[in-house]
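# Coordinate analysis (summary)
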Amino acid sequence: MTVPDQSPKQLVVLGAGVIGLTIAYLATADLDDSFRVTIVARDMPEDMDSQAWASPFAGANWAPMPMGGIDPRVRRREQVTFEKFWDMIPTGLVKKLPSKVYSRSAAGASKLWWSDLVREFRILAPEEIPEPYVAGVAFCTVSVNPQEYIPWLSSELRARNVEFVRKHVRTLEELRPLVGVDGILVNASSLGRSRTLCCSLKYTRICSSQLQEFLAVKPDDKAMSAGADTYIIPRPGRSLVDTVLLGGTFEVGNWDTSIDMNVARAIFDRCSELAPSLRNSDQTKILAHNVGLRPAREGGPRVEAEIVQFPLRGENDPLVPWSTTSLKEGEMRVVHAYGFGGAGYQTSWGVAEDVMAIIKGMQGQ
């Protein structure tokens, strides 16, 4: 009788953003399979001031996005993540967020796909809606603070003996020694994906939208938004309380990460229309300006398996980056999980569940 192999299985996660860390968290919590997890990334959880990755600068609240009403897979990921965050409210890492969303159009408020996902949903009465808006809804959602949430995930993983390797990966072939013959690579490289060669000399096109916003102290703890570029998001905080994120911009194709004070003034003016109390300089203090990027994928997020054949070959064979393993034939099992744009945090736990299901399916093959 053959005894099943009970040794830990090698799992390498490329990317230390919220998606990669959450996948590693579920992998190390799995009771049915034992994984030896290594996280490889250029930017690490301690690099929270670096603009080279997206997670430190995200709004990191659950906010409705159109894809959830179109794709049932996205809807499920949204639901899973919302429920997980809601259950985490008592920890202090997640904040319950009474919210209002205003619209300049009166159509469709009663048919929103997410009305049964959030808590305490209701349509606003006319007297609750500020000019120049004509419609609105109220509900309770959640937010997290990346400056505390990402370090928390990191500390949990280090306590579970997850290894963190700082490396600028230019081609997946460089990771073959780490992944090994029987291991699996999770490609959660996000912004870095735009610079990482995957297979057959093809780059998956990552498009970015610029995100400019700023952090302020404001005692009111209600969230408000009016479109993708105007929002007020209160944040939880163990070290700094009563902070809100004021935003923002949504400029597709803009990779500029410099601060534009004219844009900042326009953001403040728009947010002040929603919450006039922001103009009270005795109560509102600006703490920091943030500029980041939302890494989306043309065609939508990618969550799927791929068997990558090595050496990487294509029509322009000499252009394949050389490495010590470039001439060795073989293959690598890869699970892709990237391209979520502004929905990384709010789909993270659902995406991690999907990735773990794919990994288990690959192990059974």
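Quick note: structure is the one above.
How each quantity is defined
Residues numbered from 1 in each chain as written. Predicted model: local features only at pLDDT ≥ 70, side-chain atom pairs only at ≥ 80, totals over all residues. Heavy atoms only, no water. Helix = DSSP H or I, 4+ residues; strand = E, 2+ residues; numbered from the N terminus. Buried < 20%, exposed > 50% of the residue type's maximum accessible area, 1.4 Å probe, protein only. Contact = heavy atoms within 4.5 Å. Axes fitted to C-alpha atoms, helices over the stretch in contact; angles between N-to-C directions. Parallel < 35°, antiparallel > 145°, perpendicular 65-115°, else oblique. Left-handed = near helix turned anticlockwise from the far one by under 90°. Nonpolar A, V, L, I, M, F, W, Y, C, P; charged D, E, K, R; others polar. Salt bridge = Lys/Arg side-chain N within 4 Å of Asp/Glu carboxyl O. Expected span 1.5 Å × (residues − 1). Pairing = 2+ DSSP bridges. Core = buried A, V, L, I, M, F, W, Y, C linked by side-chain atoms within 4.5 Å.

### A closer look at the overall build of the protein
Scanning the protein from N- to C-terminus turns up six helices and 15 strands. Of all 365 residues assigned to the protein, the portion counted as buried reaches 52%. Relative to all contacts within the protein whose residues are 6 or more apart in sequence, the contacts with residues 24 or more apart total 80%.

### Describing the packing of helix α1 (residues 18–29) against helix α6 (residues 344–363)
Orientation of α1 relative to α6, taken along the N-to-C sense of each, is 45 degrees, at an axis distance of 8 Å. Here α1 is positioned oblique relative to α6, judged by the angle of their axes. Of the two possible hands of crossing, α1 and α6 adopt the one that is right-handed. Judged by residue contacts, Val18, Ile19, Thr22, Ile23, Tyr25, Leu26 and Ala27 of α1 engage Gly344, Tyr345, Ser348, Trp349, Val351, Ala352, Glu353, Val355 and Met356 from α6. Among the residues forming the contact of α1 with α6, the class breakdown is twelve nonpolar, three polar and one charged.

### Some thoughts on the pattern of salt bridges
Proximity of charged atoms lets side chains of opposite charge pair with each other. Scanning the model with the defined rule gives 20 salt bridges in all. The shortest N-O distance in the salt bridge between Asp30 and Lys360 comes to 2.7 Å. Of this pair, Asp30 sits in the loop between α1 and β2 (35–41) while Lys360 is found in helix α6, placing the two residues 330 residues apart along the sequence. On the accessibility criterion, Lys360 (32% relative accessible area) is partly exposed. Residue Asp269 is joined to Arg265 by a salt bridge in which the shortest nitrogen-to-oxygen separation is 3.8 Å. Residue Asp269 and its partner Arg265 are located together in helix α5 (residues 261–274), separated by four residues, close to a single helical turn. Through salt bridges that share partners, Lys9, Asp30, Asp33 and Lys360 make up one connected network.

### Some thoughts on helix α2 (residues 72–87)
With 16 residues, α2 ought to run about 22 Å at 1.5 Å a step, and its terminal C-alpha atoms sit 23 Å apart, in line with that. All of the buried residues in α2 are Val74, Arg77, Glu78, Val80, Thr81, Phe82, Phe85 and Trp86. Residues of α2 that are buried make contact with β3 (94–103), β4 (119–123), β5 (135–144), α3 (146–159), β14 (302–310) and α6.

### Remarks on the side chain of Gln346
By the secondary structure assignment, Gln346 is in helix α6. Beyond its immediate stretch of four places on either side in the chain, Gln346 contacts Asn61, Trp62, Ala63, Met65, Arg77, Glu78 and Thr81.

### Describing the sheet that holds β14
On the basis of which strands lie adjacent, the open sheet formed by six strands has the order β6-β2-β1-β7-β15-β14 and mixed pairing. Across the chains shown, the open sheet's two edge strands, defined by having one partner strand only, are β6 (163–166) and β14. Averaged over all pairs of adjacent strands, the angle between strand axes in this sheet comes to 25 degrees, irrespective of strand direction.

### What about the nonpolar core?
Counting 58 residues, the largest nonpolar core has Val37, Ile39, Tyr149, Val186, Val355 and Ile359 as its most contacted members. Of all the elements, α6 adds the most residues to this core, at eight residues. Setting aside residues up to four positions removed in sequence, Ile359 forms contacts with Leu11, Phe35, Ile184, Val186 and Val335.

### Some thoughts on unusual backbone geometry
Going from Glu131 to Pro132, the amide bond is cis rather than trans, its omega being 10 degrees. Position of Pro132 among the secondary structure elements: in the loop between β4 and β5. Here the residue pair Gly247 and Gly248 is connected by a cis peptide bond, since its omega of 0 degrees sits within 30 degrees of zero. Take Gly248: it is sitting in the loop between β11 (243–247) and β12 (251–252). Even without being a glycine, Ala60 presents a positive backbone phi close to 60 degrees. With respect to the helices and strands, the residue Ala60 is situated in the loop between β2 and α2. Unlike most non-glycine residues, Glu120 shows phi in positive territory, near 55 degrees. Take Glu120: it is sitting in strand β4.

### A short note on the packing of α1 against α3
In the contact formed by α1 and α3, the axes pass within 10 Å of each other and the chain directions differ by 35 degrees. Crossing hand, α1 versus α3: left-handed. Residues Val18, Leu21, Thr22, Ala24, Tyr25 and Thr28 of α1 touch α3, and the partners they reach there are Tyr149, Ile150, Trp152, Leu153, Glu156 and Leu157. Class assignment of the residues belonging to the contact of α1 with α3 gives a composition of nine nonpolar, two polar and one charged.

Worth remembering: the numbers are spatial, not functional.
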